[in-house]
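Residue-level structural notes
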Amino acid sequence: NKMEHKKLKAFPNDFLWGSASAAYQVEGAPFEDGKKASVWDNFVRIPGKTFKGTNGDVAVDHYHRYKEDIDLLKKAGLNAYRFSVEWARIEPVEGEFDLEEVKHYNEVIDYCIEQGVEPVITLHHFTSPVWVITNGGWEDERVIASFEKYVKFVIGQFGNKLHYVCTINEANMGIQITAIMK
């Protein structure tokens, strides 16, 4: 039984080789006044909840250094970048959308396109605005309408520039965490 060796096919020219990030992990928290806080920003400020009491306020400051980061991504030979749009930045208060934050994410998307990097956004990457959690979080049926409004708003702002959008990062995580907890 000789194994037949087959030559690997080349990847198509339009294949996306990319990198990904989560807003909370890389942007840093701009929430000095607490108005745009995600639930995670509040959680990490509880003593003993994070490694050595760090809270992610600075992270790697991708929020201000995105051009450098996208340049590094391109230099590494990648042609796609999946990043999350932070709901707490876009809609810090229920029903109130922050156009300055929209402008920021438009600039990130535009810079990707200028550099020949396919922007792929994730609408929800594990963080939620504090007001969502205060209203009952993801277990409260009202979140469906809230998320729908947010998604429609974001797609209305960026959708004409995007070919790919992820609704939620790793949607299976709830099931995995439940299994681990049992």
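The structure under discussion appears in the preceding block.
Residues numbered from 1 in each chain as written. Predicted model: local features only at pLDDT ≥ 70, side-chain atom pairs only at ≥ 80, totals over all residues. Heavy atoms only, no water.

Turning our attention to helix α5 (residues 99-114). With 16 residues, α5 should reach 22 Å at 1.5 Å per residue; the first-to-last C-alpha distance of 22 Å fits that figure. Along α5, the residues that are buried comprise Glu101, Val102, His104, Tyr105, Asn106, Val108, Ile109, Tyr111 and Cys112. The backbone nitrogen of Glu100 lies 2.9 Å from a side-chain oxygen of the residue at the head of α5, namely Asp98. With its phi angle positive at about 75°, Gly116 sits one or two positions after the end of α5. (Helix = DSSP H or I, 4+ residues; strand = E, 2+ residues; numbered from the N terminus. Expected span 1.5 Å × (residues − 1). Buried < 20%, exposed > 50% of the residue type's maximum accessible area, 1.4 Å probe, protein only. Polar contact = N/O pair within 3.5 Å; in protein donor to acceptor, adjacent residues only side chain to side chain.)

All chains considered together, the criterion is met by 6 salt bridges. Of the charged contacts, one joins Arg65 and Glu68 as a salt bridge, the two residues approaching to 2.9 Å between their closest N and O atoms. Taken together, the residues Arg65 and Glu68, both in helix α3 (residues 62-75) and 3 residues apart, mark about one turn of the helix. Judged by its relative accessible area of 39%, Arg65 falls in the partly exposed class. For Glu68, a relative accessible area of 41% corresponds to the partly exposed category. With a closest N to O distance of 3.0 Å, Lys152 and Glu148 form a salt bridge. A residue pair is termed a helical-turn pair when its members lie 3 or 4 positions apart in one helix, as Lys152 and Glu148 do in helix α7 (residues 142-158) at 4 residues. Connected through salt bridges with shared partners, the residues Glu27, Arg89 and Glu101 form a single ionic network. (Salt bridge = Lys/Arg side-chain N within 4 Å of Asp/Glu carboxyl O.)

In this structure, His62 sits in helix α3. The class of His62 is buried, set by a relative accessible area of 7%. Within the local environment of His62, its side chain forms a polar contact with the side chain of Tyr81, the two groups lying 2.8 Å apart. When near neighbours in sequence (up to four residues on either side) are disregarded, His62 contacts Val26, Glu27, Asp69 and Tyr81. (Contact = heavy atoms within 4.5 Å.)

So, on to the pairing of strand β3 (residues 118-124). Of all the 7 residues making up β3, 7 are buried; the element is thus mostly covered by neighbouring parts of the structure. Two elements, strand β2 (residues 80-84) and β3, share 5 bridges in a ladder whose sense is parallel. Its bridge partner being in β3, Tyr81 is matched across the sheet by Pro119. (Pairing = 2+ DSSP bridges.)

Notably, Phe126 is not glycine yet its phi reads approximately 80°, a positive angle. Among the structural elements, Phe126 can be located in the loop between β3 and α6 (130-134).

On to the sheet that holds strand β1 (residues 18-20). Taken in spatial order, the 4 strands make up an open sheet running β1-β2-β3-β4, and their pairing is parallel. Two strands in the sheet have a free side with no partner beyond their single neighbour: β1 and β4 (164-168). Strand-to-strand twist in this sheet, taken as the mean axis angle between neighbours without regard to direction, amounts to 20°. Where α7 meets the sheet, its contacts fall on β3 and β4, and the angle it forms with β3 comes to roughly 165°. (Axes fitted to C-alpha atoms, helices over the stretch in contact; angles between N-to-C directions.)

Scanning the model with the defined rule gives 12 aromatic pairs in all. Between the aromatic rings of Phe11 and Trp17, the centroid separation amounts to 4.8 Å while the plane-to-plane angle is 75°, which identifies the pairing as edge-to-face. Within the aromatic cluster, the residues linked to one another by ring pairs are Trp87, Trp131, Trp138, Phe147 and Tyr150. (Phe/Tyr/Trp six-rings, centres within 6.5 Å; stacked < 30°, edge-to-face > 60°.)

With that settled, consider the nonpolar core. By size, the foremost hydrophobic cluster in this structure holds 28 residues, and its most contacted members are Ile70, Phe83, Ile90, Ile121, Tyr150 and Phe158. For this core, the secondary-structure elements that each account for two or more residues are α3, β2, α4 (87-90), α5, β3, α6 and α7. Residue contributions to this core peak at 7 residues, all from α7. Once you skip the residues sitting within four places of it in the chain, Ile90 turns out to touch Val85, Glu96, Phe97, Asp98, Glu101, Val102, Tyr105, Tyr150, Phe153 and Val154. (Core = buried A, V, L, I, M, F, W, Y, C linked by side-chain atoms within 4.5 Å.)

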